[in-house]
Amino acid sequence: MIKPRRPRLRVGRYKPAGTAPGTLSVHPEATPPTIHVISYGPDGVQEMDVGDPADLRAMLGRLPVVWVDVHGVEHVETLRAIGEIFELHPLALEDVMSVGQRAKVEPYDSQLFVIIRMPTAHPPETEQVSLVLGQGFVLTFQQRSGDFFDPVRERIRKGGGLIRTLGSDYLTYALFDAVIDSYFPVLDGIGDRLETLEEVVLEEPTQETVADIHETKRTLIALRKVIGPHREAINTLLRNDHGLIGPQTSIFLRDVYDHAIRIAELGEAYRELSSDLMSTYLSALSNRMNEVMKVLTIIASIFIPLSFVAGLYGMNFDPAVSRWNMPELGWPLGYPFALSLMLIIGGGFLWFVWRKGWLS
């Protein structure tokens with residue numbers, strides 16, 4: 001039975017050709033997103049949900065860093081209002097709504113626009129997280145609720161580490177690091193799956209095993225396409241041509257770059273392992289076929305001399321015409337003699353095969 005193929009993930013929304021750059025696509029059924037704001041500094045934290053984007057203007061400048069986290073990217077009026085408050089470039093807002101972007105970093109005047117691909121509960125599907133880094137603020141736009149940023153929020157609330165003492169560039173690093181590290185559990189799950197498939201391939205492979213290997217390989221190829229651009233994006237941040245990343249934060253970004261390389265290498269190793277599993281499956285299938293052919297060959301080889309004896313004594317020669325015309329047909333024990341001869345030949349052949357080790 002052929003397993004139904006997973007529906008192809010349609011990433012991104014495409015506008016008609018010739019549309020002016022920076023045009024935002026209107027979605028009539030879009031609902032206003034949820035906006036969560038965390039303002040913090042060495043002396044304290046303020047956290048609240050905002051219903052009206054206009055309220056964000058009053059929150060700027062109260063504390064050293066403002067993190068505006070927006071869940072939902074289809075409501076054009078809300079995005080335009082946020083863009084006006086934080087002076088976002090129209091092309092950046094367009095990329096926020098076009099959720100099929102690869103990971104990248106784009107400088108816009110005094111801001112950095114960053115796109116990160118965050119894994120979901122169904123790999124290799126990923127969610128686009130758009131991030132804007134400015135002086136004293138960070139904006140994040142997510143397609144839906146649910147992310148890997150809760151540890152970062154807890155560090156801000158509890159004041160752990162350097163996050164409350166450094167600026168918005170360190171928050172950008174922390175968010176980027178959380179997304180990159182979220183790929184490790186995904187790859188660990190794929191590694192466990194490959195170990196299980198390896199045991200099945202070596203013991204009792206089936207057609208379903210082949211389908212699982214192909215599905216795993218497709219997942220790894222898709223993840224490689226997603227993870228690869230992150231390294232280029234981190235490199236752009238490390239070059240710091242824009243001057244928005246401080247020296248202390250650059251040191252931590254190098255660690256994120258190292259994690260991205262490890263993830264890419266781990267994914268490549270798993271992809272090669274999946275290819276090896278397919279080769280192992282084909283070898284195991286060939287070995288099983290050889291075993292079957294060996295058994296059938298032995299059985300056929302045993303019956304070839306037995307068929308010769310049966311055919312010899314089945315010929316219609318009349319012993320009354322000549323004493324050379326099969327005198328055994330007239331023997332009282334001719335039938336037991338023929339059966340005994342067949343039994344001796346068959347047993348002797350089996351003994352010969354056993355001594356050669358062909359039955360093991």
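Not measured: the values here are computed from a predicted model. (Residues numbered from 1 in each chain as written. Predicted model: local features only at pLDDT ≥ 70, side-chain atom pairs only at ≥ 80, totals over all residues. Heavy atoms only, no water.)

### Looking at empty space enclosed by the protein
Line of reasoning, step 1. Applying the stated criterion across every chain, the model contains two cavities of 30 Å³ or more.
Line of reasoning, step 2. Size it by volume and the second largest cavity reaches roughly 30 Å³.
Line of reasoning, step 3. Along its surface, the second largest cavity is lined by Leu88, His89, Ala92, Tyr108, Gln111, Phe113 and Val132. (1 Å grid on protein atoms, 1.4 Å probe; cavity = no way out; pocket = protein on both sides within 12 Å on 5 of 7 lines; lining within 4 Å. Points joined across faces, edges and corners; volume = space filled by probe spheres on them.)

### Concerning the confidence of the model for the protein
Line of reasoning, step 1. With 93% of its residues at a pLDDT of at least 70, the protein reaches an overall mean of 87.
Line of reasoning, step 2. Per-element mean pLDDT across the protein ranges from 85 in helix H9 (residues 334-356) up to 96 in strand S7 (residues 137-142).
Line of reasoning, step 3. pLDDT under 50 marks residues 1-12. Its contacts with residues more than four places away, or in other chains, come to 12 contacts. (pLDDT = per-residue confidence, 0-100. Helix = DSSP H or I, 4+ residues; strand = E, 2+ residues; numbered from the N terminus. Contact = heavy atoms within 4.5 Å.)

### Notes on the environment of Val353
Line of reasoning, step 1. Inspection of the secondary structure puts Val353 in helix H9.
Line of reasoning, step 2. C-alpha of Val353 to C-alpha of Ile261: the two residues are 92 residues apart in sequence and 56 Å apart in space.
Line of reasoning, step 3. Ignoring anything within four residues of it in the chain, the contact list for Val353 reads Ile298, Trp358 and Leu359.

### Here's the deal with a nonpolar patch on the surface
Line of reasoning, step 1. A surface patch of nonpolar side chains, amounting to about 650 Å² of accessible area, comprises Met289, Val292, Met293, Val295, Leu296, Ile299 and Phe303.
Line of reasoning, step 2. Here Val292 is to be found in helix H8 (residues 247-312). (Patch = residues over 30% accessible without salt bridge, like charges linked within 9 Å, V, L, I, M, F, W, Y side chains within 5 Å. Areas by Shrake-Rupley, 256 points an atom, 1.4 Å probe, with all protein chains shown as cover. Salt bridge = Lys/Arg side-chain N within 4 Å of Asp/Glu carboxyl O.)

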